Amino acid sequence: MLLIKNGRVLDPASNTDAPRDLLLDGEHIADISAPGKITHADSAQAFDAAGFIVAPGFIDMHAHLREPGQENSETIETGSHAAARGGFTAICCMPNTRPVNDNASITRFIVDRAKAFGHVRVWPIGAASIGSKGEGISEIAAMHDAGIVAVSDDGKPIATAKLARQIMDYCRSLDVPVIEHAEDVSLAAGAVMREGIASTRLGLPGMPAAAESVCVARDVQLAELTGARLHIAHLSAKSSLAQVRFAKQNGLRVTCEVTPHHFTLIDEDVSYDSKYKMNPPLGAREDREALLEGLADGTVDAIATDHAPHEPAIKDVEFDKAPFGILGFETAIGLALEQLVHSGRITLMRMVELFTTGPARVLGKERKLNIGEPGDITIFSLDRPWTYSVKESASKSRNSPFDGRSFKGGPAATIVAGKIAFKN
Ligand SMILES: [Zn+2]
């Protein structure tokens, strides 16, 4: 038993913001009461959360764990360890491993490895098409039985509108969300950053914002045609957000996520350092402003990291040769507090929602602090000063543009199924 005492409990599901003690027994929440009122917990291990926020377990619905196939960059063990250190109790891993997670035997491999070595819950996402090649539909029903929570060809878009329609039709019947990496590959071809004044100044090939929003528009229309649940991954452009807002106003089941790096950085921050190379690339100042508005007004459903480790041997090369992607788990809460809460853009409750009930709803799950619910808890501070040092990361990779950045507030403890997975 674990008794979390004297914390400030924030639970978006019940709109609770109050001092509470929380008793975990086995894997579940056994009691939640005013401070000092839980009396039947003498044998419980005590955790003093005075001065900390106690929230439902944070979910990161977009990550790359690189196993199987690229274990020099990350494994399920190291990636989930980094996730625990970042305050996440559950993470969804994208299928672009080697081999691609496009069938039930790979899904079972990931589920089994996560059970044996995972520090947090790992929920796999299956490939939408065979090999994510965009030609034929993958074994979605079998993968669903094996434990996937969504499908995606992430790393690239579902190749054609015709195939996207078939996948949405099929996933609607299974009630599985389709997660789209929205990109028109003809507009993005050869580009390494966003097209604009910054790309001209650096002399690097850029893709326009429309490379994303053209694909979002295609998929929103297909979501209307099929009635499917469509989720736009790592949305980065103002014009894409307008499409999602329109879809929601028209009652479509369309949702989206935004990454910490897209709400923190812009194209003007890009230098020739490959740690600023990600896909979608960092947007313009007005895109970031639109994302901040969407995070505040409810258009954005979730904050997701797109944690994308690459070992130094392949990432620390010239900008145009480096692969896309950066680490995300361990800096997510610090960046969200800095950019969203301390800046006064959103309330602390809304921030917690974007990490808990928001992604849970997208995935068809629940997240709340009630008796009988899973004992998944994220505890974080609002004001403790700390500095991120990437060489201390639990990840196998080091590709973060936030190395050396100082934060005010961050993860303090991560509790998964009643057990402490991380404590600072
Ligand atoms: Zn992607």
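No experiment lies behind these values; they were computed from the predicted model shown.

Caption draft 1: Quick look at the sheet that holds strand 7 (residues 88-93). Read from one edge of the open sheet, three strands run 6-7-8, paired in parallel fashion. At either end of the open sheet lies a strand with only one pairing partner, and these are strand 6 (58-63) and strand 8 (121-124). Averaged over neighbouring strand pairs, the angle between their axes works out to 20° when direction is ignored. Bridge count for strand 6 against strand 7 is four bridges, and the pairing is parallel. Considered in strand 7, the bridge of D60 is made with I91.

Caption draft 2: Representation of the environment of Q166 within the structure. Looking at the element boundaries, Q166 is found in helix 4 (residues 161-174). For Q166, a relative accessible area of 38% puts it in the partly exposed group.

Caption draft 3: Examining the pairing of strand 2 (residues 16-25) more closely. Strand direction decides the pairing type here: strand 1 (residues 2-11) and strand 2, joined by eight bridges, are antiparallel. Residue L3 lies in a different strand from strand 2, and its bridge partner there is L23. Hairpin remark: strand 1 followed by strand 2, antiparallel, with four residues in the connecting loop; positive phi at N15, about 55°. Taken together, strand 2 and the strand that follows it, strand 3 (residues 28-33), pair antiparallel across an intervening segment of two residues, in which G26 is found at a positive phi of about 60°.

Caption draft 4: Representation of the coordination of the zinc ion in the model. Every protein donor of the zinc ion is listed here as D154 (OD), H181 (ND1) and H234 (NE2), and their distances to the metal cover 2.0 to 2.2 Å. Donor residues for the zinc ion sit on one chain with the sequence pattern D-x26-H-x52-H. Of this pair, D154 sits in the loop between strand 10 (151-152) and helix 4 while H234 sits in the loop between strand 14 (230-232) and helix 8 (238-249), placing them 80 residues apart in sequence.

Caption draft 5: Structural view of the side chain of D60. Among the structural elements, D60 can be located in strand 6. Although D60 is buried, it forms no salt bridge, and the closest oppositely charged side chain is R367 at an N-O distance of 12 Å. Of note is the side chain of D60, whose polar atom sits 3.2 Å from the backbone nitrogen of H62. What D60 contacts, discounting residues up to four positions off in sequence, is F88, A90, I91, C92, A304, T305 and F329.

About the cut-offs
Residues numbered from 1 in each chain as written. Predicted model: local features only at pLDDT ≥ 70, side-chain atom pairs only at ≥ 80, totals over all residues. Heavy atoms only, no water. Pairing = 2+ DSSP bridges. Helix = DSSP H or I, 4+ residues; strand = E, 2+ residues; numbered from the N terminus. Axes fitted to C-alpha atoms, helices over the stretch in contact; angles between N-to-C directions. Buried < 20%, exposed > 50% of the residue type's maximum accessible area, 1.4 Å probe, protein only. Donors = N, O, S within 2.8 Å, 3.2 Å for Na, K, Ca; no water. Lys, Arg positive; Asp, Glu negative; His and termini not counted. Salt bridge = Lys/Arg side-chain N within 4 Å of Asp/Glu carboxyl O. Polar contact = N/O pair within 3.5 Å; in protein donor to acceptor, adjacent residues only side chain to side chain. Contact = heavy atoms within 4.5 Å.

Read these as layout, nothing more, since geometry by itself doesn't imply function.
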